[in-house]
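Below are the chains, spelled out letter by letter.
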Amino acid sequence: MNIFSIKVPKSDNMIEKIENFLKNSSKEKINVDISNLNLIDASRMALLSSVRFFAKYPDKKICWSVKDEETKRAISNLMLKNMELEIKDNTIADKVYSVQ
């Protein structure tokens, strides 16, 4: 399985790297791991990239791996035809839960 993983949220040429990965992949669906990004950066990356790539590669899909249900819900409200979302399996909760 081909997975492109994003570790740094603010890289100038990240969209170009994803585009090269998509262009060189023979598969119709690629996986991009954005689980290291926060909600805002993950939403921005998924939506802007999906819009840009749909114009160039309408037959290919991108499956975005996000870190939690909250991020998945925020992006899925604006979900596009060429994108899928999944929650990455091995992420940990980084919130503090209180029990009364």
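These lines cover the structure that appears in this document, whether it is placed above or below.

1. Focus: the pattern of salt bridges
Inference 1: In total, this model carries four salt bridges according to the counting rule given.
Inference 2: Ionic pairing is found between E16 and R52, a salt bridge with its closest N-O pair at 3.9 Å. With E16 in helix α1 (residues 14-24) and R52 in helix α2 (residues 39-56), the pair connects residues that are 36 residues apart, well separated along the chain.
Inference 3: The partner of K88 in a salt bridge is D33, and the shortest N-O contact between them spans 2.8 Å. Taken together, the residues span a long stretch of sequence, with K88 in the segment after β4 (83-87) and D33 in strand β2 (residues 29-33) at a distance of 55 residues.
Inference 4: Here K88 falls in the partly exposed class, since its relative accessible area comes to 28%.
Inference 5: By relative accessible area, D33 is classed as buried at 7%.

2. Notes on the packing of aromatic side chains
Inference 1: For the coordinates displayed, the defined rule picks out zero aromatic pairs.
Inference 2: Looking at K60, its charged tip hangs above the ring of Y57, at a distance of 6.0 Å from the centre.

3. What about the sheet that holds β4?
Inference 1: Pairing is parallel across the open sheet formed by four strands, whose spatial order is β1-β2-β3-β4. Each end of this open sheet is capped by a strand with a single partner; those strands are β1 (3-5) and β4. Pairs of neighbouring strands in the sheet enclose a mean axial angle of 25°, with direction left out of account.
Inference 2: Pairing of strand β3 (residues 61-66) with β4, which is carried by five bridges, proceeds in the parallel orientation. Looking across to β4, one finds that I62 is bridged to M83.
Inference 3: On top of the sheet, α2 reaches β3 and β4; it is set at about 175° to β3, its chief contact.
Inference 4: Taken strand by strand, helix α3 (residues 69-76) contacts β3 and β4, and its axis lies near 165° from that of β4.

4. Comments concerning the nonpolar core
Inference 1: Counting 21 residues, the largest nonpolar core has I6, I18, V32, I34, M45 and W64 as the members making the most contacts within it.
Inference 2: Listing elements by their share of this core, those giving two or more residues are α1, β2, α2, β3 and β4.
Inference 3: No other element matches α2, which puts five residues into this core.
Inference 4: Not counting residues within four places of it along the chain, the set of residues in contact with I34 comprises I6, A42, M45, A46, W64, S65 and V66.

Thresholds, definitions, all that
- Residues numbered from 1 in each chain as written.
- Predicted model: local features only at pLDDT ≥ 70, side-chain atom pairs only at ≥ 80, totals over all residues.
- Heavy atoms only, no water.
- Salt bridge = Lys/Arg side-chain N within 4 Å of Asp/Glu carboxyl O.
- Helix = DSSP H or I, 4+ residues; strand = E, 2+ residues; numbered from the N terminus.
- Buried < 20%, exposed > 50% of the residue type's maximum accessible area, 1.4 Å probe, protein only.
- Phe/Tyr/Trp six-rings, centres within 6.5 Å; stacked < 30°, edge-to-face > 60°.
- Lys NZ or Arg CZ within 6 Å of the ring centre and 35° of its normal.
- Pairing = 2+ DSSP bridges.
- Axes fitted to C-alpha atoms, helices over the stretch in contact; angles between N-to-C directions.
- Contact = heavy atoms within 4.5 Å.
- Core = buried A, V, L, I, M, F, W, Y, C linked by side-chain atoms within 4.5 Å.

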